[in-house]
Amino acid sequence: MEYLHTMVRVADLDESLAFYCDKLGLEEVARDDYEKGRFTLIFLAAPGDRETAQESKRPCLELTYNWDPETYSGGRNFGHLAYRVDNIYETCQRLMDQGVTINRPPRDGHMAFVRSPDNISIELLQKGEPLEPQEPWASMANTGEW
Ligand SMILES: C[C@@H](O)C(=O)SC[C@H](NC(=O)CC[C@H](N)C(=O)O)C(=O)NCC(=O)O
Ligand code: NI
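The rules behind the values
The written sequence of each chain sets the order in which its residues are numbered from 1. To read the labels, note that chains go from A and ligands from 1, taken in the order they are written. Local features in this predicted model are restricted to residues of pLDDT 70 or higher, and side-chain atom pairs are both shown and tallied only at a pLDDT of 80 or more, whereas totals for entire chains, interfaces and linings draw on every residue. The side-chain quantities take in all heavy atoms of the structure and omit both hydrogens and water. The set of buried Ala, Val, Leu, Ile, Met, Phe, Trp, Tyr and Cys residues whose side-chain atoms join them within 4.5 Å is what this entry labels a nonpolar core. The cut-offs for exposure are 20% and 50% of the maximum accessible area for each residue type, with area from a 1.4 Å probe on protein chains only; residues under the lower value are buried, those over the upper are exposed, and the others partly exposed. Helix and strand assignments follow DSSP, with helices taken as H or I runs no shorter than four residues and strands as E runs no shorter than two, numbered in order from the N terminus. Annotation comment: domain bounds sourced from an automatic or database domain assignment. Throughout, a contact is declared for two residues whenever any of their heavy atoms are within 4.5 Å. By definition, the buried area sums, over both parts, the 1.4 Å-probe accessible area that each loses when the two are put together. We define a salt bridge as a side-chain nitrogen of Lys or Arg found within 4 Å of a carboxyl oxygen belonging to Asp or Glu. Polar contacts, as counted here, are pairs of nitrogen or oxygen atoms within 3.5 Å of one another; within protein the pair requires one atom able to donate a hydrogen and one able to accept it, and residues that are adjacent in sequence qualify only if both atoms are side-chain atoms. For this classification, Asp, Glu, Lys and Arg are treated as charged, while Ala, Val, Leu, Ile, Met, Phe, Trp, Tyr, Cys and Pro are nonpolar and the rest, including Gly, are polar.

### So, the nonpolar core
Okay, step 1: One finds Tyr 20, Ile 122 and Leu 124 to be the most contacted residues of the largest nonpolar core, which totals 29 residues.
Okay, step 2: Those elements giving two or more residues to this core turn out to be helix 1 (13-23), strand 3 (39-45), strand 4 (60-66), strand 5 (81-85), helix 3 (88-97), strand 6 (111-115) and strand 7 (121-126).
Okay, step 3: In terms of residues, this core owes the most to one element, helix 1, which gives five residues.
Okay, step 4: When residues of this core are sorted by domain, at least three fall in each of domain 1 (5-66) and domain 2 (80-139).
Okay, step 5: Leave out the neighbours within four places in its chain, and Leu 124 touches Leu 24, Tyr 83, Val 85, Ile 88, Thr 91, Cys 92, Leu 95, His 110, Met 111 and Ala 112.
Okay, step 6: In terms of nonpolar packing, the next biggest core, distinct from the first, is built from seven residues, Val 29, Leu 41, Phe 43 and Ala 53 among them.

### Here's the deal with the domain arrangement of the protein chain
Okay, step 1: When cut into domains, the protein chain gives domain 1 (5-66) and domain 2 (80-139).
Okay, step 2: Placing a centre on the C-alpha atoms of domain 1 and another on those of domain 2 gives a separation of 21 Å.
Okay, step 3: Counting from both sides, the interface comprises 16 residues of domain 1 and, opposite them, 14 residues of domain 2.
Okay, step 4: Counting the surface lost from both domain 1 and domain 2, the interface buries some 1200 Å², and carbon and sulfur atoms represent 68% of this.
Okay, step 5: Broken down residue by residue, the surface that domain 1 buries against domain 2 is led by Phe 19, Lys 23 and Leu 24, which jointly contribute 50%.
Okay, step 6: Viewed at the interface, domain 2 and domain 1 are joined by zero salt bridges.
Okay, step 7: Between domain 1 and domain 2 we count six residue pairs in polar contact (both at pLDDT 80 or more) in total.
Okay, step 8: If you list the elements that add at least two residues to the side of domain 1 that touches domain 2, you get strand 1 (5-9) and helix 1.
Okay, step 9: With six residues, helix 1 is the largest single contributor of residues to the side of domain 1 that touches domain 2.
Okay, step 10: The residue makeup of the side of domain 1 that touches domain 2, split by class, is nine nonpolar, three polar and four charged.

### Some details on the pattern of salt bridges
Okay, step 1: What the rule picks out here adds up to six salt bridges.
Okay, step 2: The partner of Lys 57 in a salt bridge is Asp 32, with the nearest N and O atoms 3.2 Å apart. Taken together, the residues span a long stretch of sequence, with Lys 57 in the loop between helix 2 (50-56) and strand 4 and Asp 32 in strand 2 (residues 27-34) at a distance of 25 residues.
Okay, step 3: For Lys 57, a relative accessible area of 34% gives the class partly exposed.
Okay, step 4: Between Lys 127 and Asp 86 there is a salt bridge, and its shortest N-O distance comes to 3.8 Å.

See below:
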C-alpha cells in the first residue's frame, strides 16, 4: 500500500492556487476538468516530491473545485497538512511578507502553523534539528486557531 494524496475542497480556485503555489511553494503536477461532474481536480506537489509526483500523482495534495458554489463547514476531525521546510524562519517570513498570518509562530525553531483560504490548517516543520530561537519569532504570540 502507498500513500497517494489528501484531498481538500476549495471554494475559490484562484485564491487557493495563489496560497498553495505562489505563497506556500507547491507545484501543479496535474489538472483534470470534469464537465459532466462540473468540477476540477488539481494535484499539487512539494518541490522535493516533484519528480515522483509528475510520474504518479503521489505524494500530492488534491484540490477539488466544484464549479457550483457550495458551503464547506465542519470537518473538525480533519487536522492538518504537514510539510517539512529547509528553514522555517525564512519560510514564515516569506509567507508573512505575502500577507499570510502565522497562526502559530516558530518560537521553538521547529514548528509553525498557517491556514489556507478555506481555513485548512498547514503544519510547517523544520528539517533536521530545531533552529536556534531568534526574534521576532521567539516572542511572537499565537493568532487564533492553528
Ligand atoms: C481522482 C481521485 O483522486 C479522486 O479523488 S476522484 C473522487 C471523486 N471526486 C469528486 O467527485 C469531486 C467532485 C465532488 N463533487 C466532490 O466534491 O467530492 C469522489 O468520489 N469524491 C467523493 C469524496 O467523498 O471525495
Ligand atoms: Ni482523490
